[in-house]
Amino acid sequence: MKKVLVGVLMAAMAVSLVGFGAKPADAADVKTVEAGKLHMATNAAFPPYEMTTDDGGYEGIDVEIATEIAKKLGLELVVDDMDFSSVITVVQTGKSDIAMAGLTVTDERKKNVDFTDSYATGIQSIIVPEGSDIATADDLADHMIGTQEGTTGFFYCTDDFGEEFVLSYPNGATAVQNLLAGKVDAVVIDNAPAQAFVEANDGLVLLDTEYVTEDYAIGVSKDNPDLCAAVNGALKDLIKDGTVAKIVEKYIPVE
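For the structure given in this document, a descriptive report is provided here. The numbering scheme is per chain: residues are counted from 1 as the chain's sequence reads. Selection of residues for local features in this predicted model requires a pLDDT of at least 70, selection of side-chain atom pairs for listing and counting requires 80 or more, and totals for whole chains, interfaces and linings are taken over all residues. Calculation of side-chain values draws on the structure's entire complement of heavy atoms; hydrogens and water are dropped beforehand.

1. Some remarks on the overall build of the protein
Item 1. The secondary structure listing takes helices from DSSP runs of H or I that are at least 4 residues long and strands from runs of E that are at least 2 residues long, numbered from the N terminus. Looking only at helices and strands, one finds 8 helices and 14 strands in the protein.
Item 2. The 255 residues of the protein split such that 55% are buried.
Item 3. The criterion used for residue contact is that any of the two residues' heavy atoms lie within 4.5 Å. Within the protein, contacts between residues at least 6 apart in sequence are counted, and of these 78% link residues at least 24 apart.
Item 4. Accessible surface computed for the protein: about 10,900 Å², of which carbon and sulfur atoms make up 48%. Here's how the labels work: a residue is buried when its accessible area is under 20% of the maximum for its type, exposed when over 50%, partly exposed in between, all with a 1.4 Å probe on protein chains only. Only the protein chains shown count as cover for residues, with accessible areas throughout obtained via the Shrake-Rupley method and a probe of 1.4 Å.

2. So, the environment of Asn178
Item 1. Along the chain, the position of Asn178 falls in helix α5 (residues 172-180).
Item 2. Given a relative accessible area of 13%, Asn178 falls into the buried group.
Item 3. In this structure, the C-alpha to C-alpha distance between Asn178 and Gly146, residues 32 residues apart in sequence, is 7.7 Å.
Item 4. Other than its neighbours up to four places away in sequence, Asn178 contacts Tyr169, Lys183 and Val184.

3. Digging into the packing of helix α1 (residues 61-72) against helix α8 (residues 243-251)
Item 1. One way to put it is that α1 packs onto α8 with a least axis distance of 9 Å and a crossing angle of 155°. Regarding the angle of α1 to α8, the classification is roughly antiparallel. Along this stretch, α1 crosses α8, giving a crossing that reads as right-handed. Across the interface between the two elements, Ile61, Glu64, Ile65 and Glu68 from α1 touch Thr243, Val244, Ile247, Val248, Lys250 and Tyr251 from α8.
Item 2. As a working rule, the residues Ala, Val, Leu, Ile, Met, Phe, Trp, Tyr, Cys and Pro are called nonpolar, Asp, Glu, Lys and Arg charged, and the rest polar, with Gly in that last group. Taken together, the residues of the contact of α1 with α8 break down into 6 nonpolar, 1 polar and 3 charged. Here an axis means a line fitted to C-alpha atoms, over the contact stretch when the element is a helix, while the angle between two N-to-C directions is reported on a 0 to 180 degree scale. Any angle that falls under 35 degrees is termed roughly parallel, while one over 145 is termed roughly antiparallel, one within 65 to 115 roughly perpendicular, and all others oblique. Whether a crossing is left-handed or right-handed is set by the direction in which the near helix is turned from the far one by less than a right angle, anticlockwise for left-handed and clockwise for right-handed.

4. Some points on the packing of aromatic side chains
Item 1. Within 6.5 Å between ring centres, the rings of Phe, Tyr and Trp (the latter by its six-membered ring) count as paired, and their orientation is classed by plane angle as stacked under 30 degrees, edge-to-face over 60, tilted in between. In this structure the tally under the stated criterion is 5 aromatic pairs.
Item 2. On the basis of an interplanar angle of 90° and a centroid distance of 5.2 Å, the ring pair of Tyr49 and Tyr216 is categorised as edge-to-face. One end of the pair, Tyr49, is in the loop between β2 (45-46) and β3 (50-52); the other, Tyr216, is in strand β13 (residues 212-216), with 167 residues separating them in the sequence. The same class applies to Tyr49 and to Tyr216, which are both buried.
Item 3. Ring centres 6.3 Å apart and planes at 35° place the aromatic pair Phe161 and Tyr211 in the tilted group. With Phe161 in helix α4 (residues 152-161) and Tyr211 in the loop between β12 (204-206) and β13, this pair connects stretches of sequence that are 50 residues apart.
Item 4. Using a relative accessible area of 14% as the deciding quantity, one classes Phe161 as buried.

5. Section: the pattern of salt bridges
Pairing between side chains of opposite charge can happen when their charged atoms approach one another.
Item 1. For this document, the term salt bridge refers to a Lys or Arg side-chain nitrogen within 4 Å of an Asp or Glu carboxyl oxygen. Taken as a whole and judged by the stated rule, the model has 7 salt bridges.
Item 2. Two residues, Glu64 and Lys250, come together in a salt bridge whose shortest N-O distance is 2.6 Å. Residue Glu64 is located in helix α1, and its partner Lys250 is located in helix α8; the two are separated by 186 residues in the primary sequence.
Item 3. The partner of Asp114 in a salt bridge is Lys222, with the nearest N and O atoms 2.9 Å apart.

So this is what it looks like as structure tokens:
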């Protein structure tokens with residue numbers, strides 16, 4: 001799923017969790033898993049892209065962009081929250097319509113789903129305890145690294161440093177908890193959630209170095225090319241009119 005410290009490219013959507021809207025004349029008639037609904041598979045533990053609210057709802061960059069896409073297609077957004085490792089599978093098997101979870105485009109994932117254009121850039125970042133001897137990505141060698149299971153951060157780290165030095169956890173928050181407990185020496189995760197975790201936990205530092213830079217996009221079943229085209233068309237419109245940028249700026253203010 002992800003990388004840390006995201007330098008967002010273009011940006012996101014306009015505000016509401018569920019989106020109803022009059023179907024525009026040029027919107028394609030598309031087949032979805034539930035009539036009138038657009039089901040979005042995500043892992044709502046990846047701030048600021050997707051997270052839960054105090055009242056049990058969902059918010060974040062991806063949620064708002066997906067809401068605006070649903071509106072353009074005359075649909076209502078439904079958020080299907082699950083483990084990150086399942087978001088591609090449920091779309092591939094037709095249980096959800098789109099996968100949107102800070103999802104990086106990779107050649108391996110392209111074998112299973114089709115992707116829209118990219119709407120944001122993700123950066124894999126490194127969190128360490130204050131006073132750590134880890135100052136750059138190269139220093140991760142021979143240290144225990146925490147990651148979120150199924151993410152590109154996990155695969156990059158195992159490739160670069162060996163599986164014996166990488167532990168995966170169900171979500172980023174659990175990885176950070178294990179960092180605080182001293183069970184790992186660093187956590188590799190996308191930058192935006194990395195910043196949120198560091199702000200929420202005293203004694204942690206986000207290294208001022210990029211590990212990997214990637215593109216985020218929306219995954220759609222290969223069996224539903226019409227839906228992919230319609231979602232991509234709506235996304236392009238939202239990028240062009242500045243809606244995506246406004247949503248991203250809402251959650252990741254430009255300093």
